[in-house]
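So you can see what is in the structure, the chains are spelled out below.
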Amino acid sequence: MTALVAKDPERAWELLTLLVKARNDTHATSITFLDTAETVATPQHVQAVTFSDTIILFSRGETLNDLRAILIMATELLNKALHLCVPIRIGISVGTFFFNLDESMYAGPALIEAYRLGEAAQWIGIVTSEAVYHRAIEAKLQSGSTDVVAPTEVPIDGGAQPGYAVNWSVVLQNSIAAPLPVTAQQIYEGFAEFFGPFETLDSRARQKYENTAMFMNARVAEPLARSAAP
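Residues numbered from 1 in each chain as written. Predicted model: local features only at pLDDT ≥ 70, side-chain atom pairs only at ≥ 80, totals over all residues. Heavy atoms only, no water.

## Considering the confidence of the model for the protein
Mean pLDDT over the protein: 88, with 93% of residues reaching 70 or higher. No element of the protein has a lower mean pLDDT than helix H1 (residues 2-7), at 76, and none a higher one than strand E8 (residues 125-128), at 98. For the stretch residues 224-230, pLDDT sits under 50, and the model shows one contact to residues farther than four places along the chain or on other chains. (pLDDT = per-residue confidence, 0-100. Helix = DSSP H or I, 4+ residues; strand = E, 2+ residues; numbered from the N terminus. Contact = heavy atoms within 4.5 Å.)

Written out as structure tokens, the structure reads:
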């Protein structure tokens with residue numbers, strides 16, 4: 001976004017407007033949990049605020065429904081952003097977080113951790129903290145037979161490191177238009193109008209889309225392979 005603002009601020013504003021639309025559409029929903037048949041309104045559990053090109057989602061507590069709402073909204077935000085051709089990275093953490101809505105004040109270790117997790121990842125995707133992963137496993141949060149959050153090698157500058165990520169390509173597989181496996185170029189097609197042809201990207205930017213393709217292809221293949229095992 002920084003590079004786009006410097007190059008074409010009007011296009012950057014257009015992109016940010018689409019991102020806010022994705023946030024608003026995602027936030028104005030209700031969620032029904034199949035295991036409990038309980039329906040909750042997302043705004044009851046999640047607050048959403050925007051600073052420049054960064055969206056902060058936070059809950060007022062740390063109940064199971066708060067965790068579910070954050071994970072679902074983050075995944076759906078990624079889904080809507082991709083359909084609007086806005087590339088985003090998300091980090092999810094749990095812990096101490098202070099806020100004052102009237103004064104637009106937000107701070108705390110959980111916010112810093114979530115920012116660092118999302119910012120360090122070199123892909124389009126959703127990284128979580130280890131604590132979020134353990135809570136999701138304890139709550140048995142699954143999409144079909146696949147854990148919603150799972151251990152993975154998270155790509156970072158210079159390589160990869162062990163971490164945890166939302167299996168968004170499995171959760172959203174019915175929303176993915178292209179048949180798998182996908183290529184980095186296929187993922188990037190919609191973003192070209194903002195950032196130029198794929199071939200003109202620097203190697204670091206291209207790598208993000210290549211890492212995204214690898215994650216999508218591997219995560220969707222895993223449950224299929226397990227179901228076919230003798």
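## A word on the environment of Ala41
The topology assignment puts Ala41 in strand E2 (residues 38-41). Sequence spacing of Ala41 and Leu82 is 41 residues, and the spatial spacing of their C-alpha atoms is 23 Å. In this structure, Ala41 is in contact with Thr29 and Ser30, ignoring residues within four places of it in sequence.

## Looking at the pattern of salt bridges
For the structure shown, the criterion picks out seven salt bridges. Here Arg11 and Glu193 are joined by a salt bridge, their closest N and O atoms 3.4 Å apart. With Arg11 in helix H2 (residues 9-27) and Glu193 in helix H9 (residues 192-195), this pair connects stretches of sequence that are 182 residues apart. For Glu76, the salt bridge identified is with Lys80, shortest N-O distance 3.5 Å. Here Glu76 pairs with Lys80, and both are found in helix H4 (residues 64-83), just four residues apart, close to one helical turn. For Glu76, a relative accessible area of 26% puts it in the partly exposed group. (Salt bridge = Lys/Arg side-chain N within 4 Å of Asp/Glu carboxyl O. Buried < 20%, exposed > 50% of the residue type's maximum accessible area, 1.4 Å probe, protein only.)

## A few points about the sheet that holds E8
Here we have four strands laid out as an open sheet, ordered E5-E8-E12-E11, and mixed in their pairing. Edge positions in the open sheet fall to strand E5 (89-92) and strand E11 (149-156), since each of these has one partner strand only. The mean angle between the axes of side-by-side strands here comes to 50 degrees, regardless of whether they run parallel or antiparallel. Pairing geometry for E5 and E8, over four bridges, is parallel. Bridge assignment links Ile90 to a residue of E8, and that residue is Ile126. Strand contacts of H4: E5, E8, E11 and strand E12 (159-166), with the helix running at about 175 degrees to E5, the strand carrying the most contacts. Of the strands in this sheet, E5, E8 and E11 touch helix H5 (residues 109-120), which is tilted by about 145 degrees from E5. (Pairing = 2+ DSSP bridges. Axes fitted to C-alpha atoms, helices over the stretch in contact; angles between N-to-C directions.)

## Overview of the environment of Pro162
Among the structural elements, Pro162 can be located in strand E12. Sequence separation of Pro162 and Thr152 is ten residues, and the distance between their C-alpha atoms is 6.0 Å. Residues within four places of Pro162 in sequence aside, it is in contact with Thr152 and Glu153.

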